[in-house]
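Residues per chain are reported as follows:
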Amino acid sequence: ACEKLADWKSRGIEAFISVNVSPKDFYRLDVVKELKKLVEEFEIDPVRLRIEITETAMVSDSVDMNKIVSELSEYGFIIEMDDFGSGYSSLNLLKDINLDLIKIDMQFLKDSERNMKAGMIIKNIISMSDDLGIDTLTEGVETAKQFERLYDMGCKLYQGYYFSKPVPVEDFEKQWFD
């Protein structure tokens, strides 16, 4: 990811890449040191390398995770909570950990088509996040109808097959940068 960001930077492309950091890596490595080393080695702005951490990983040890997330944020990394709503302590995490973005778990969106409560939860997550100054992204958007509903709820960021299926980086570059 850092190598690709450095390549894009050399071509005048200002983009970002979100990378999932495994919960195991937080305890096996000095994640903050390793990530700082990488962005310095490749001479990229840390804001371009977004760090995704699953909600489950954040729940496992929120005190240590809060310290790590704070250090990463202070250095300039954007911190994203992946799979928001899939665990049990989401609201506590929003209160305790400094996040830039939460990715609403795709299961809420799937369930919202047949369960009004799931749709209300999405709407309230978006509203609450706005109030807290946290961006939201909804995962799993596959249809125009889903996109329109989310847009009407105030969602501003989306991810899913409606926009693109996973593609090799070369195809992505041709589609977006050429």
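Just so we're clear, the structure is a prediction, and the values are computed from it rather than from any experiment.

Caption draft 1: Summary view of the layout of surface pockets. Empty space within the largest pocket amounts to approximately 1,200 Å³. Taken together, 32 residues make up the lining of the largest pocket; nearest its centre are Phe-16, Tyr-158, Gln-159, Gly-160 and Phe-172. Where the lining of the largest pocket is concerned, the elements lending two or more residues are strand S1 (17–20), strand S2 (49–54), strand S3 (79–84), strand S4 (101–104), strand S6 (157–158) and helix H10 (169–177). Looking at the lining of the largest pocket, the element that brings in the most residues is H10, giving 4 residues. By residue class, the composition of the lining of the largest pocket is 16 nonpolar, 7 polar and 9 charged. Here the second largest pocket defines a volume of roughly 230 Å³. As for the second largest pocket, its lining consists of 13 residues, and the residues nearest its centre are Val-19, Val-21, Asp-25, Leu-35 and Leu-38. Broken down by secondary-structure element, the contributors of at least two residues to the lining of the second largest pocket are S1 and helix H3 (31–41). At 4 residues, the largest contribution of residues to the lining of the second largest pocket is made by H3.

Caption draft 2: Layout of the sheet that holds S1. Pairing within the open sheet is parallel, and its 6 strands lie in the order S1-S2-S3-S4-S5-S6. Either end of the sheet is taken by a strand with one partner, and the two such strands are S1 and S6. Direction of pairing for strand S5 (residues 135–138) relative to S6: parallel, over a ladder of 2 bridges. Paired with Thr-138 across the two strands is Tyr-158, which belongs to S6. Across the sheet, helix H8 (residues 116–132) is in contact with S3, S4 and S5; its angle to S4 comes to roughly 175°.

Caption draft 3: Quick peek at the environment of Ala-144. Summarising the element assignment, Ala-144 is placed in helix H9 (residues 144–153). Linking Ala-144 and Tyr-162, residues 18 residues apart in sequence, is a C-alpha distance of 7.0 Å.

Caption draft 4: Geometry of H9. For H9, the full list of buried residues reads Gln-146, Leu-150 and Met-153. Within H9, the buried residues cover an arc of 55° as seen down the axis, which keeps them to one side. Across H9 from its buried face, at more than 90 degrees, point the exposed residues Lys-145, Tyr-151 and Asp-152. Elements in contact with the buried residues of H9: helix H7 (106–112), H8, S5 and S6. Positive backbone phi, approximately 100°, marks Gly-154, located one or two places after H9.

Caption draft 5: View of the pairing of S4. Residues Leu-101 and Lys-103 of S4 are buried on one face, and the alternating residues Ile-102 and Ile-104, pointing to the opposite face, are buried as well. For S3 and S4, the ladder comprises 3 bridges, and the chain directions are parallel. Across the sheet, Phe-84 pairs through a bridge with Ile-104, a residue of S4. Here S4 runs beside S5; their pairing, made up of 4 bridges, is parallel. Note on S5: the bridge partner recorded for Leu-101 is Asp-135.

The rules behind these values
- Going along each chain's sequence as written, the residues are numbered from 1 onward.
- Only residues with pLDDT of at least 70 are given local features in this predicted model, and only at 80 or more are side-chain atom pairs given and counted; all residues enter the totals for whole chains, interfaces and linings.
- With hydrogens and water stripped out, all remaining heavy atoms of the structure feed into the side-chain values.
- Here a cavity is any set of points on a 1 Å grid over the protein atoms alone where a 1.4 Å probe fits but cannot get out, and a pocket is any open set with protein on both sides within 12 Å along at least 5 of 7 lines; a residue lines the site when it has an atom within 4 Å of a point.
- Grid points are joined across faces, edges and corners, and a volume is the space filled by probe spheres set on the points.
- A run of H or I in DSSP becomes a helix once it reaches four residues, and a run of E becomes a strand once it reaches two; helices and strands are each numbered from the N terminus.
- Residues are grouped as follows: Ala, Val, Leu, Ile, Met, Phe, Trp, Tyr, Cys and Pro are nonpolar; Asp, Glu, Lys and Arg are charged; every other residue, Gly included, is polar.
- At least two DSSP bridges between two strands are required for those strands to pair.
- Residue contacts follow a heavy-atom distance rule, with two residues in contact if any of their heavy atoms lie within 4.5 Å.
- Fitting a line to C-alpha atoms yields each axis, with helices limited to the stretch in contact; the angle taken between N-to-C directions then spans 0 to 180 degrees.
- Residue exposure (1.4 Å probe, protein chains only): buried if accessible area is under 20% of the type maximum, exposed if over 50%, otherwise partly exposed.
- What the arc measures is the spread of directions leading from the helix axis to the C-beta atoms.

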